[in-house]
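Listed here are the chains, written in short residue letters.
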Amino acid sequence: MSKEKLVIFDTTLRDGEQSPGASMTKEEKVRIAKMLEKMRVDVIEAGFAIASPGDFDAVQAVANTIKDSTVCSLARAVDTDIDRAGEALKGANSSRIHTFIATSPIHMKYKLKMEPEQVLEQAIRAVKRARGFTDDVEFSLEDGSRSEFEFMCRITEAAIAAGASTINVPDTVGYGEPGEYGAMFKRLIEAVPNSDKAIFSTHCHNDLGLAVANSLSAVMNGVRQIECTINGLGERAGNAALEEIVMAVRTRKDLFPVETGIVSEHIVPTSRLVSSITGFPVQPNKAIVGANAFAHESGIHQDGVLKHRETYEIMRAEDVGWNTNKIVLGKHSGRAAVKARFEALGITFESQDALNQAFSRFKELADKKHEIFDEDLQSLLTSASSESTEETYILIDVESQSRSGEKSKSRISLQVEGQDMEAHAEGSGPVDAAYKAIESVVKSNSDLLLYSVNAITQGTDSQGEVTVRLERNGIIVNGVGADTDIVVASVKAYLHALNLLSSPGRSHPQRDGV
Ligand code: KIV
Ligand code: ZN
C-alpha cells in the first residue's frame, strides 16, 4: 500500500509553553528547535510573536536558526498579530503564519461578542493579510469540535479561497470523542467544494485523555497533519503527544494509510531535553518515553521476552532512542571529544568562550562522577542557562548537616543583588533546612506548589534533577537544578525559580484569547 505523508506539526514551543510554569527562554527554545529539526519535524510552531517581546525574539531566533523545518508563528485573526508574526519570521528559510478565530457559538457569543458573519469576514481578511508575508498560511477554527457544521463548512471554504493551504479544526477544550471527531472531518472534507486545495489538520487537547485517539481517528478520516507536543506538554491536560502519534502510526503501519518522516531515535533525547528545560518530569509509566515504558517486571513477561522479544514487545526501545545513553565520556576526555559529543546531541557553540565554559562545567562534573552520559551533558547546559551571572540570587556555597533522629541544619551563602549574605536554619530534613535558610534572607512571599527529584541516569552517583514550582500573585514558575548532591540541586532549583519570579519578562506570558 503506498503511503501518504502525515505532516508533523510540533507546538511544544507554543502550546507546550502555555502549561503553567513551562516558560522557556529564547536560548532554550532554540535548543529544543534544533532537536526537533534533527528529528525531522515538518513544522515547528515557535511561539506567538505578538504575545510579548520575549516571544517575538524567540520566534525570530528560531526562524533565523532552523533551516530544514518550516518555522511558524501563531497570530489571532487581527492585522497587528499577523504583521508581528510576519516580521518575526522574516529570516526563515520556510515560514508559516498560523492564524485563528473561534467559530463555536459559545465562543463567538461570550468571548468574541461577534456575529458569525463578522467572524467569517475577519477570517478572510486575516488569511489574505497573512498571504502578504508567506504562501504557507494555516487557518484554525478555534473550538472547532463544538462549532456548528454549516458554519464550519462556510468558513473553511472561504479561508481556502482566501489562500489558506492548511485548515486546522482543533478540539480546543478536549471534548471530542474519536468516532465523532473523525466522522466530522470526513463530512467536512466531503462537503467543502475546494477541500482538495488544503491539508486538513487536528489539534487535540487531552482533558479526557483522548487527544492521541482523537488525532488518529481524524487521520483515518482524511486528515494529513497532526499538531502535537513532546511529552504531551500543553495547556491544562496537555496536547496529543508527538511520540505516541509517531510510534502508533509506525507500529500499526498495517492500519494507517500514512507515514511520517520522523527520525524516531531522537525521541527519547528530545523528551529528556524538554523535561529538563521545562521542569516537567515524565511519569515513569508514560508511553514511549517513560522510564518504565520498556521495562518488564513480571517473571512471565521477562521469560517470554528472553525467549522471543516479540512475545511482549511491540516496539524496540532502541528505535525511540533508549539505550543510546552509553558511557561516552569521563574525566580523561578532552575538549575535542566533549565538543563532538555535544554536537552529536545537536548542541553547537557560538563562540570558543561558550565551549570553554561548557568544557569546564564538564570537568567539574567528571571530578564528581565517573561516567558522563548524554543526559548529563544536556543537563549541564540547562543548568548553565539557569545560573547566569545576571541573576538576582546567586548561590555561593551551601553546607548541610544531617543525623538520624535529629533536625537537619543548613548554612547558605548567597549573593543577593550583588551583596554577599549568609543564613542558617534548621528543618525536618536538609532540603527543608536549606529552603528555610534561603527564605530567611529572600522573603519571597511565594507558595511552593511542587518539589520533585529525579535521577538523571542510573547509578548512585547520578545527578539528581530537581524541579521546584513556585507561585506568587498568580504567576507560576518552574525552577530546575541538577547536581550529584541533591541538596545542592534543590538549592539551585529554588534559586532558579526565585530568579524567574523576580524577572517578569521570563515568567509565563498571559495570552488573551488563546
Ligand atoms: O487549542 C487551540 O484551539 C489552539 C489554537 C490556537 C490552535 O491552541
Ligand atoms: Zn491548543
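Our structure is the block above this text.
About the thresholds
- Residues numbered from 1 in each chain as written.
- Chains lettered and ligands numbered in written order.
- Predicted model: local features only at pLDDT ≥ 70, side-chain atom pairs only at ≥ 80, totals over all residues.
- Heavy atoms only, no water.
- Pairing = 2+ DSSP bridges.
- Helix = DSSP H or I, 4+ residues; strand = E, 2+ residues; numbered from the N terminus.
- Axes fitted to C-alpha atoms, helices over the stretch in contact; angles between N-to-C directions.
- Near = heavy atom within 4 Å.
- Polar contact = N/O pair within 3.5 Å; in protein donor to acceptor, adjacent residues only side chain to side chain.
- Areas by Shrake-Rupley, 256 points an atom, 1.4 Å probe, with all protein chains shown as cover.
- Nonpolar A, V, L, I, M, F, W, Y, C, P; charged D, E, K, R; others polar.
- Contact = heavy atoms within 4.5 Å.
- Salt bridge = Lys/Arg side-chain N within 4 Å of Asp/Glu carboxyl O.
- Buried < 20%, exposed > 50% of the residue type's maximum accessible area, 1.4 Å probe, protein only.
- Donors = N, O, S within 2.8 Å, 3.2 Å for Na, K, Ca; no water.

1. What to know about the sheet that holds strand 14 (residues 447-455)
So, point 1. Pairing within the open sheet is antiparallel, and its three strands lie in the order 14-15-16. In the strand order of this sheet, the two ends are held by strand 14 and strand 16 (475-483), each with one partner. On average, each strand axis in the sheet is inclined to that of its neighbour by 15 degrees, with strand direction left out of account.
So, point 2. Summarising the sheet, strand 14 and strand 15 (residues 464-472) pair through eight bridges and their orientation is antiparallel. Within the sheet, the bridge partner assigned to Asp-447 lies in strand 15 and is Glu-471.

2. A look at the site of ligand 1
So, point 1. Around ligand 1, a shell composed of Arg-14, Asp-15, His-98, Phe-100, Ser-140, Glu-142, Asn-168, Pro-170, Thr-172, His-203 and His-205 is seen.
So, point 2. Residue His-205 places a side-chain N or O atom 3.0 Å away from an oxygen atom belonging to ligand 1.
So, point 3. Contact with the protein chains covers 97% of the free accessible surface of ligand 1, which is 260 Å².
So, point 4. Looking at the shell around ligand 1, the elements with two or more residues in it are strand 5 (95-102), strand 6 (137-142) and strand 7 (166-171).
So, point 5. Classifying every residue of the shell around ligand 1 by side-chain character gives two nonpolar, six polar and three charged.

3. Remarks on the sheet that holds strand 12 (residues 408-416)
So, point 1. With antiparallel pairing, three strands are arranged side by side in an open sheet as 11-12-13. Only two strands of the sheet have a single neighbouring strand rather than two, namely strand 11 (393-401) and strand 13 (419-427). Between one strand axis and the next, the sheet turns by 15 degrees as a mean value, whatever way the strands run.
So, point 2. Where strand 12 and strand 13 come together, nine bridges link them in antiparallel fashion. Bridged to Ser-410 within strand 13 is Ala-425.
So, point 3. The strands that helix 15 (residues 430-442) touches are strand 11, strand 12 and strand 13; relative to strand 13, the one it contacts most, it runs at about 135 degrees.
So, point 4. Seen against the sheet, helix 16 (residues 486-501) touches strand 11 and strand 12 and runs at an angle of roughly 150 degrees to strand 11.

4. Some remarks on the pattern of salt bridges
So, point 1. The full count for this structure, using the stated rule, is 36 salt bridges.
So, point 2. A salt bridge links Arg-96 to Asp-136, with the nearest nitrogen and oxygen atoms 2.8 Å apart. Placement of Arg-96 in strand 5 and of Asp-136 in the loop between helix 5 (116-131) and strand 6 is noted, with a sequence separation of 40 residues between them. With respect to class, Arg-96 is no different from Asp-136; both count as buried.

5. Some thoughts on the coordination of the zinc ion (ligand 2)
So, point 1. All of the protein donors around the zinc ion (ligand 2) are Asp-15 (OD), His-203 (NE2) and His-205 (NE2); their distances to the metal are 2.0 to 2.1 Å.
So, point 2. Between the donor residues of the zinc ion (ligand 2), the gaps in sequence give the motif D-x187-H-x1-H. Placement of the pair is Asp-15 in the loop between strand 2 (7-10) and helix 1 (26-38) and His-203 in strand 8 (residues 199-204), with a sequence separation of 188 residues. His-203 carries the same exposure label as Asp-15, and that label is buried.

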